[in-house]
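Residue strings, one per chain:
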Amino acid sequence: MLDAVSKGFKAARNRLRGKAEITPEVVDEALRDIRVALLEADVEFGVVKRFIASVREKATGEVVDTKVESKKGAMKVSPADHFVKICHDELEALMGPVDTSLTFKAKGPTGIMMVGLQGSGKTTTAGKLANKLLAEGKKPLLVAADIYRPAAVEQLKVLGQRLGVPVYHDPNARPPQMCKAAFEQARAQHRDVVILDTAGRLAIDEDMMRELEEIKAGTEPDNILLVADAMIGQDAVKTAAEFDRRLSIDGFILTKLDGDARGGAALSIKEVTGKPIKFLGMGENLDKLEEFRPEGLAGRILG
Ligand code: GDP
């Protein structure tokens, strides 16, 4: 995951290794490696620019006390380590602050509305969330409201069966009515969280957005989570910004970070939209959902 970015940071560190002092010239060379790697990973251009400017300022701007206390007494941190620490802090700041919380109603079923483009991993992630909530002692109800992708309803039913979680679907209802009725069913059956798997298209389209707005207005979900495929970089970020504009989402779940995803979305999406990444999809299995930890991802990138 994020291998290319990681390689860029390592190359930058190697440039500084063994140097007694960080000169602006060396910092510039190191930043060039990082810049290329970030752009190759499809990190949004403005984000790359601001990140590089910020690291440059911190690495060259002030005379830094690189002495640290350790068990062996005072010791100097090498310029390479100091530079890596600056990068680590800036990466963390870029992706954070962390907020992996979900909002739960004190009374009555909590609503979680999953939105995103087709193929982003929405249905799979709805199953993963149900699995996580089950483990936390909740009683979820899954709702198969993606009626346009023929396999989605069946796929969710299979996931529900595997988890022992009921799946609500009504072939005769339009998605907004179906979602509303699902909350009635949840109340009647004492299910405390309703997870709506809504329809996605291959690209943002007006009919889809209107339908999602209608579902939102009819069910007033407590959480609207956008599922975005981390493999598609800047496009995922643009899509996220548009969904946020129309639906005012609460946060993101980035999927497919287990593969050789270039991963640019992970580094851009928070900065561009101001909304937090809540979870990462790390595989196809139902237990492959991780809470997002910016320090963890920064650590993985810097190796
Ligand atoms: P939807 O159209 O948004 O509902 O997408 P699906 O849930 O059907 O997922 C599309 C494909 O991505 C499926 O083959 C999933 O198994 C796969 N997928 C979903 N999440 C992940 C993930 O975190 N990692 C990997 N490797 N594959 C995933």
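Residues numbered from 1 in each chain as written. Predicted model: local features only at pLDDT ≥ 70, side-chain atom pairs only at ≥ 80, totals over all residues. Heavy atoms only, no water.

Peer 1: Looking at this model, I keep getting lost on the site of the ligand. Mind explaining?
Peer 2: As a matter of local geometry, the ligand sits amid 18 residues, with Gly-119, Lys-122, Thr-123, Thr-124 and Glu-284 nearest to it. Between a nitrogen atom of the ligand and a side-chain N or O atom of Asp-258, the distance comes to 2.8 Å. When isolated, the ligand has an accessible area of 590 Å², and the protein chains bury 81% of it. In terms of residue count, helix H5 (residues 122-135) provides more of the shell around the ligand than any other element does, 4 residues in total. For the shell around the ligand, the per-class residue count stands at 2 nonpolar, 10 polar and 6 charged. (Near = heavy atom within 4 Å. Polar contact = N/O pair within 3.5 Å; in protein donor to acceptor, adjacent residues only side chain to side chain. Areas by Shrake-Rupley, 256 points an atom, 1.4 Å probe, with all protein chains shown as cover. Helix = DSSP H or I, 4+ residues; strand = E, 2+ residues; numbered from the N terminus. Nonpolar A, V, L, I, M, F, W, Y, C, P; charged D, E, K, R; others polar.)

Peer 1: For this particular structure, what's the right way to read the side chain of Asp-33?
Peer 2: Relative to the helices and strands, Asp-33 resides in helix H2 (residues 24-40). Among the polar contacts listed, one links the side chain of Asp-33 to the side chain of Arg-15, at a separation of 2.6 Å. Excluding anything up to four places from it in sequence, Asp-33 contacts Gly-8, Ala-11, Ala-12 and Arg-15. (Contact = heavy atoms within 4.5 Å.)

Peer 1: Hey, could you run me through the nonpolar core in this one?
Peer 2: Phe-9, Ile-34 and Phe-83 are the most contacted members of the largest nonpolar core, which has 72 residues in total. Ranked by the residues each element gives to this core, the list is headed by helix H4 (residues 79-95), at 8 residues. In this structure, Phe-83 is in contact with Ala-12, Leu-16, Ile-22, Val-27, Ala-30, Leu-31, Ile-34, Val-55 and Ala-59, ignoring residues within four places of it in sequence. Within the second largest apolar cluster, 22 residues are counted, among which are Leu-102, Ile-112, Val-193 and Ile-253. (Core = buried A, V, L, I, M, F, W, Y, C linked by side-chain atoms within 4.5 Å. Buried < 20%, exposed > 50% of the residue type's maximum accessible area, 1.4 Å probe, protein only.)

Peer 1: For this particular structure, what's the right way to read the UniProt feature "domain: SRP54-type proteins GTP-binding" (unreviewed entry) in the protein chain?
Peer 2: As recorded in UniProt, the sites labelled "domain: SRP54-type proteins GTP-binding" (unreviewed entry) are residues 276-289. Its end C-alpha atoms 16 Å apart, residues 276-289 is made of 0% helix and 43% strand. (UniProt positions renumbered as here; feature names shortened; annotations may be inferred.)

Peer 1: Sorry, what's going on with the packing of helix H1 (residues 3-16) against H4 here?
Peer 2: To characterise two packed helices, one gives the angle between the axes of the helices and the distance between these axes. Running from N to C, H1 and H4 point in directions that differ by 150°, and their axes come no closer than 8 Å. Classified by the angle their axes make, H1 and H4 are roughly antiparallel. Helix-helix and strand crossings are classified by hand; for H1 and H4 the assignment is right-handed. Where H1 approaches H4, its residues Phe-9, Ala-12, Arg-13 and Leu-16 are matched on the opposing element by Ala-80, Phe-83, Val-84, Cys-87 and Leu-91. (Axes fitted to C-alpha atoms, helices over the stretch in contact; angles between N-to-C directions. Parallel < 35°, antiparallel > 145°, perpendicular 65-115°, else oblique. Left-handed = near helix turned anticlockwise from the far one by under 90°.)

Peer 1: Where do I start with the pattern of salt bridges in this structure?
Peer 2: Pairing is possible between side chains that carry opposite charge, provided their charged atoms lie close to one another. Within this structure, the stated rule accounts for 24 salt bridges. A salt bridge links Arg-15 to Glu-29; its shortest N-O distance comes to 3.4 Å. One end of the pair, Arg-15, is in helix H1; the other, Glu-29, is in helix H2, and 14 residues separate them in sequence. In this structure, Glu-291 and Lys-132 form a salt bridge, with 3.6 Å as the shortest nitrogen-oxygen distance. Within this pair, whereas Glu-291 is found in strand E10 (residues 289-291), its partner Lys-132 is found in helix H5, the two being separated by 159 residues in sequence. Among the charged side chains, a salt-bridge network with shared partners connects Lys-132, Glu-136, Glu-291 and Arg-293. (Salt bridge = Lys/Arg side-chain N within 4 Å of Asp/Glu carboxyl O.)

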